[in-house]
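This is what each chain is made of:
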Amino acid sequence: MDQNTHHPSSEQLGRTTDRLALYQQQLSSPTSTTPQASTSPTTTTKSTAPMSRDPITCHVLNTLTGTPAANLPVTLTLLSSPSSSAQSPVNFQATTDADGRVKNWTPITTAAKSVPEILSSLPAADSKTNWSVRFEVGPWYEAQGVESFWPEVEVKFTVKGRGREGEEGWRHYHVPVLLGPWNYSTYRGS
């Protein structure tokens, strides 16, 4: 037997046991979550039918557990728009569903327009708007007993086009994020 064989310390074994318990908890937790309140506005200024999803969506996968990042708070912010002067940013909020997805956004202020309304009101079919989507990673991992290097992860991107599905200039923008406590990756999804 080799005398240089490394034996893990009790502290290392404790951390490994804790990590395995977290994995087991994640894998054995129910796949359904409490239904979220509707994120579609109840009143709109236009007579258009509500969309099943907003033109901007996201999907987060937790690479630590290999599962969707359910119940993760997310903020979408309109940073700049050709139709907005030097106004403060417009913010929307959501929480990822059981599948780690956000399909619709709720304006933080009641006077704000919805994402489709903002994009529909752009002056041209090829108008550009700048957005950010911020994931509240630190508190989310902390609630699971996992230390995270990231207090938040913010992705900034440009949307080109209007927000009326089926009309000239409409595009869907999907922001997938692979998220771990020490790393993240993102790309333009479909």
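About the thresholds
Residues numbered from 1 in each chain as written. Predicted model: local features only at pLDDT ≥ 70, side-chain atom pairs only at ≥ 80, totals over all residues. Heavy atoms only, no water. UniProt positions renumbered as here; feature names shortened; annotations may be inferred. Salt bridge = Lys/Arg side-chain N within 4 Å of Asp/Glu carboxyl O. Buried < 20%, exposed > 50% of the residue type's maximum accessible area, 1.4 Å probe, protein only. Pairing = 2+ DSSP bridges. Helix = DSSP H or I, 4+ residues; strand = E, 2+ residues; numbered from the N terminus.

Per an unreviewed UniProt entry, the chain carries the name hydroxyisourate hydrolase and comes from Aspergillus wentii DTO 134E9. As stated in UniProt under Function (unreviewed entry), the record for the chain gives "Catalyzes the hydrolysis of 5-hydroxyisourate (HIU) to 2-oxo-4-hydroxy-4-carboxy-5-ureidoimidazoline (OHCU)." The record held by UniProt for the chain lists under Subunit (unreviewed entry) the comment "Homotetramer."

Q: Pulling in residues and values, what's your account of the pattern of salt bridges?
A: Per the stated rule, a full pass over the model turns up three salt bridges. A salt bridge links Asp99 to Arg101; the nearest nitrogen and oxygen atoms lie 2.7 Å apart. Looking at Asp99, the relative accessible area reads 37%, which means it is partly exposed. Residue classification places Arg101 among the partly exposed positions, given a relative accessible area of 28%. When the shortest N-O distance is used, the salt bridge between Arg134 and Glu152 registers 3.6 Å.

Q: Describe the sheet that holds strand 6 (residues 106–107), naming the residues involved and giving the relevant values.
A: Whether parallel or antiparallel, the strands of a sheet pair through hydrogen bonds between backbone atoms. Spatially, 6-4-3-7-8 is the arrangement adopted by the five strands of the open sheet, whose pairing is antiparallel. Strand pairing shows two members of the sheet lacking a second neighbour, strand 6 and strand 8 (153–160), which therefore form its edges. Bridge analysis of strand 3 (residues 73–80) against strand 4 (residues 90–95) gives six bridges, and the strand direction is antiparallel. Within strand 4, the position partnered with Leu78 by the bridge is Val90.

Q: Give me the environment of Val60: which residues, what numbers.
A: Along the polypeptide, Val60 turns up in strand 1 (residues 56–62). Looking at Val60, the relative accessible area reads 0%, which means it is buried. Taking C-alpha positions, Val60 is 5.8 Å from Pro176, a pair spaced 116 residues apart along the chain.

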